[in-house]
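Close look at the chain arrangement
So the chains spell out like this:
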Amino acid sequence: MKIAQIAPLAESVPPKLYGGTERIVSYLTEALIDQGHDVTLFASGDSITRAELVPVTDMALRLNPHVRDPIPYHMMLLDAVRQRADEFDALHFHIDLVHIPMFQDIIGRCITTLHGRLDLPDLVPFYQTFPNHSLVSISDHQRLPMPPVNWAGTVYHGLPADLLPPKIACDDGYLAFLGRISPEKRPDRAIRIAARSGKPLKIAAKIDNVDKGYWEAEIAPLLSLYPNIDFIGEINETQKAEFLGGASALLFPIDWPEPFGLVMIEAMACATPVIAFRCGSVPEIIDHGVSGFIVDTEDQAVEAVSRLGELDRSAVRAAFDARFTADRMAAGYVSLYHALPGARTDAARLRRERGDEAELHLQVVG
């Protein structure tokens, strides 16, 4: 198929540092190419891909000090996609909802993965107004707050199998926290769990401007209180393998309806078990007692740290290989592309251009 992937412009594809959605778009794009598809990627100009790149901006918006308002750039993105929309058998959007009104006339070839939380009240009237666009959830739990819409399916995120090598025998004795410093990610819980467990904690995380107050008021004082905490800051993909692979466990002490939690499968790829709070997608991702432990309280998390020796790190990696590779993710999306009401194959498009309508085969879902 000839497929368009439309990425957010906040980060490059893949991102240089933090950026879950753009990272998944990169993994999906490259896996689709490996499977023989012709992919065009609409993204920032500093993206790196084997697909045809349509550079909407020179660089990712978050790292551009001159950008104040991202909306004009996303309008430019939509215009670029619209000008070339007729070229594609399927158009896959990763930019939430901003495009949906503009693409209603070709809705049969469009699909949108919703990467964020859906429990925000302002989303309900929008999706009640546009209920027919084909939507993909990244966990079944993510769907719960939504009004009736056209769910095409759930596709779990995936990583390239060789991206993060497993470290079966590696355990440097520390706990890891990776992601973003924010109230819903609960780094304060991670700090207390590590302190009560008597283990060092390494925190690799970015601090957005909106969360600087939380950092200064809640987290920085804890770093001064507990000497076993090492704050590293943002890390890149190469550093991530060493950081996660050397940990006894990843702490994922979230306090919000996490749509997926990419860091959980990144840890699993490194053969590092996950201790995660029972929120959002966690029960769908973690096999309790195999790839980690699911807990409800800090007391249970501290107990789980003491039980890490019960887990086989090779089984943690096997759980990743069975469910969360990029190849599996891409195959899941290809099935959804073919099931779109207006989906077509490249061969069908060429026959249409030659006027061989009798030979045209459309994938139609009634």
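The structure we're discussing is the one just above.
Quick summary incoming for the structure in this document. It should be emphasised that the depicted structure is a prediction, and the values quoted were computed from it without experimental measurement. (Residues numbered from 1 in each chain as written. Predicted model: local features only at pLDDT ≥ 70, side-chain atom pairs only at ≥ 80, totals over all residues. Heavy atoms only, no water.)

1. Brief notes about a nonpolar patch on the surface
- Taken together, the side chains of Ile71, Met75 and Val98 make up a nonpolar region of the molecular surface, amounting to roughly 240 Å² of accessible area.
- If you trace the backbone, Val98 turns up in the loop between strand 4 (90-93) and strand 5 (110-113).
- Judged by relative accessible area, which is 34%, Val98 ranks as partly exposed. (Patch = residues over 30% accessible without salt bridge, like charges linked within 9 Å, V, L, I, M, F, W, Y side chains within 5 Å. Areas by Shrake-Rupley, 256 points an atom, 1.4 Å probe, with all protein chains shown as cover. Salt bridge = Lys/Arg side-chain N within 4 Å of Asp/Glu carboxyl O. Helix = DSSP H or I, 4+ residues; strand = E, 2+ residues; numbered from the N terminus. Buried < 20%, exposed > 50% of the residue type's maximum accessible area, 1.4 Å probe, protein only.)

2. Some details on the sheet that holds strand 11 (residues 247-252)
- The sheet built from six strands is open, its strands ordered 10-9-8-11-12-13 with parallel pairing. For this open sheet the edge positions go to strand 10 (229-231) and strand 13 (292-295), each flanked by a neighbour on one side alone. Neighbouring strand axes in the sheet, compared pairwise and without regard to direction, differ in orientation by 20 degrees on average.
- The pairing of strand 8 (residues 174-180) with strand 11 spans three bridges and is classified as parallel. Following the sheet pairing, Tyr174 is matched in strand 11 by Ala247.
- Sitting on the sheet, helix 9 (residues 298-306) is in contact with strand 8, strand 12 (274-277) and strand 13, with an inclination near 170 degrees to strand 12. (Pairing = 2+ DSSP bridges. Axes fitted to C-alpha atoms, helices over the stretch in contact; angles between N-to-C directions. Contact = heavy atoms within 4.5 Å.)

3. So, the packing of aromatic side chains
- Evaluated as defined, the whole model comprises 10 aromatic pairs.
- Relative to Tyr337, the ring of Tyr333 lies with its centre 6.4 Å away and its plane at 20 degrees, an arrangement referred to as stacked. Linking Tyr333 with Tyr337, this pair stays in helix 11 (residues 326-339), spanning four residues, or about one helical turn. Each of the two residues, Tyr333 as well as Tyr337, counts as buried.
- Among the aromatic side chains, those forming a connected cluster through ring pairs are Phe126, Tyr127 and Phe130.
- Taking NZ or CZ as reference, Lys202 lies 4.2 Å from the ring centre of Tyr174, over its face. (Phe/Tyr/Trp six-rings, centres within 6.5 Å; stacked < 30°, edge-to-face > 60°. Lys NZ or Arg CZ within 6 Å of the ring centre and 35° of its normal.)

4. Notes on the pattern of salt bridges
- All chains considered together, the criterion is met by 25 salt bridges.
- With a closest N to O distance of 2.8 Å, Arg84 and Glu52 form a salt bridge. Of this pair, Arg84 sits in helix 2 (residues 71-84) while Glu52 sits in strand 3 (residues 52-57); the two residues are 32 residues apart in sequence, bridging distant segments of the chain.
- What makes Glu52 partly exposed here is its relative accessible area of 37%.
- A salt bridge links Asp299 to Arg196; the shortest N-O distance between them is 2.6 Å. You can see Asp299 sitting in helix 9 and its partner Arg196 sitting in helix 4 (residues 187-197), a full 103 residues away along the chain.
- On the accessibility criterion, Arg196 (48% relative accessible area) is partly exposed.

Just geometry here; none of it tells us what the structure is for.
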